[in-house]
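What follows is the residue order along each chain.
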Amino acid sequence: MRRIHFLFVLFAFSLSAFPPAHGQSCSGMSLGRGASLNGFIPFPADSAWNQDISSAPVDPNSSAIINFIGASTPLHPDFGAGLYGGQTIGIPYIVVSGSPLVSINYTAYGSESDPGPMPVPKNAPIEGYPNPGNGDRHVLVLDRDNCWLYELYSSYPQKNGNWKAASGAVWDLLNDEQRPYTWTSADAAGLPVFAGLARYDEVASGAINHALRFTLQSSETAFTPPASHWAGNSTNQYAAPMGMRVRLQASYDISGFPPQAQVVLAALKKYGMIMADNGSSMYISGDPDNRWNNNDLGTLKTVPASAFEVILINPLYTPQNVPTGPVPVIGSFTANPSTVSAGQPVTLSWNVTGASYYVVSPQVGAVRGSSVVVTPTATTTYTLYGTNAYGRSKATVKVTVQ
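Residues numbered from 1 in each chain as written. Predicted model: local features only at pLDDT ≥ 70, side-chain atom pairs only at ≥ 80, totals over all residues. Heavy atoms only, no water.

The subject of this paragraph is the side chain of Glu-309. Turning to its location among the elements, Glu-309 is positioned in strand E17 (residues 308-310). In this structure the side chain of Glu-309 is engaged in a polar contact, spanning 2.9 Å, whose partner is the side chain of Arg-247. Those residues within four positions of Glu-309 in sequence are excluded, and the remaining contacts are Val-58, Ser-62, Arg-245, Val-246, Arg-247 and Gln-249. (Helix = DSSP H or I, 4+ residues; strand = E, 2+ residues; numbered from the N terminus. Polar contact = N/O pair within 3.5 Å; in protein donor to acceptor, adjacent residues only side chain to side chain. Contact = heavy atoms within 4.5 Å.)

This is the structure we're talking about:
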């Protein structure tokens, strides 16, 4: 399955001497590939991903949209245990702590991607491992210490430890973040991929407390929040916009389903699922884990699209009405001192209005607050990037090492 654009995954590692105010909320996550989040739920309670939409109004075109998808089209778990065609089934992730920061070289959508560096380790699992082939090759990395999420699309590790990717994005796990309107991410809809995965650790705990990610074969050239990007391939009036949300009807009986499937279906009643990419219709995303019971998950395929209803699509953004507004204003970006000996600490400080998040490159990555300490070993020009829903601004400062 593929996408026109995408964004990269995982939370940013900062060299700031001061940890984020609520960074401890991530500290309980275990480390490693497919590690348990131990109850931590990414993003605030008011995030679109975490909202209970069981009572949200139904879109007046719900039946027509479902019929266009195909009323008998079955739900399909695009994740599970073992291998299929030599590949793991699902989109993997890894939780890191203090991983070395590496550079990301973008090969396609660099202007819509967040610059590095990022804490993407050499052993980060690529979607489709151990034989990722030419698929989406997503890489998702969560930085436990600093509570950032980093995501890459079409990712290729380099011998020197750096990575190449078609696109990438960084997400603040502690805050709501809107990518710039019309920008992609590691997902076609400009959404975080990780947020919509059905993970084994949460299913094992008995509940998924967020919406799930799903794909449809056809989409229109439009998006609805929380999406920020379209990848339209259909002109049918009932084709879905990116970001469209559907939920399993409250009357649908799930009592006879086995345990793992029942947890997934309960989440689809309470939180629904969000259209994130073009692909096979009604495919829902999850992580690969050998503890999944594929027979159990297979019962999800008995649930038809007709058992779902579309939540009210409002607002709907098209090329004719995309919101516009002011990009961040960088009042100052300074280095103190600006001339140092090798290894001497330097404080980079900035005054910015209107930014949702910051990235400082090189050496720092995603960072909160208004300052960070660096220790350059050679003369370095630092770039500050401030981003909000309307775009990105940047400024540079040079530190001379004598």
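Back to the text.
A few words on the pairing of strand E14 (residues 245-248). The two faces of E14 match: Arg-245 and Arg-247 on one face and Val-246 and Leu-248 on the other face are all buried. Taken together, the 2 bridges between E14 and strand E15 (residues 273-278) define a ladder with antiparallel strand orientation. Directly across from Val-246, in E15, lies its bridge partner Met-273. Pairing of E14 with E17 involves 3 bridges; the strand directions are antiparallel. The residue bridging Leu-248 from the neighbouring strand is Phe-308, located in E17. (Buried < 20%, exposed > 50% of the residue type's maximum accessible area, 1.4 Å probe, protein only. Pairing = 2+ DSSP bridges.)

Here we come to the sheet that holds E14. Spatial strand order, E3-E16-E11-E15-E14-E17: 6 strands in an open sheet with mixed pairing. The strands lining the two open edges of the sheet, one partner per strand, are strand E3 (76-78) and E17. Sheet twist, expressed as the mean angle between neighbouring strand axes with direction ignored, is 40°. In terms of strand pairing, E3 meets strand E16 (residues 283-285) through 3 bridges, oriented parallel. Paired with Pro-77 across the bridge in E16 is Ile-284. Docked against the sheet, helix H3 (residues 259-270) engages strand E11 (212-216), E14, E15, E16 and E17, running at close to 125° with respect to E14. (Axes fitted to C-alpha atoms, helices over the stretch in contact; angles between N-to-C directions.)

What follows covers the nonpolar core. In terms of nonpolar packing, the biggest core is built from 78 residues, with Leu-75, Met-244, Met-273 and Phe-308 touching the most fellow members. With 21 residues, the next largest nonpolar core counts Ile-104, Met-118, Ile-126 and Ala-366 among its residues. (Core = buried A, V, L, I, M, F, W, Y, C linked by side-chain atoms within 4.5 Å.)

Pairing in this open sheet of 3 strands is antiparallel, and the strands run E18-E20-E23 from one edge to the other. With partners counted over all chains shown, the strands left at the sheet margins are strand E18 (329-336) and strand E23 (371-374), one partner each. Looking at each pair of strands side by side, their axes are set apart by 15° on average, direction ignored. Of the strand pairs in this sheet, strand E20 (residues 346-353) and E23 are connected by 4 bridges, and their pairing is antiparallel. Residue pairing for E23: Leu-348 is matched across the bridge by Val-372.

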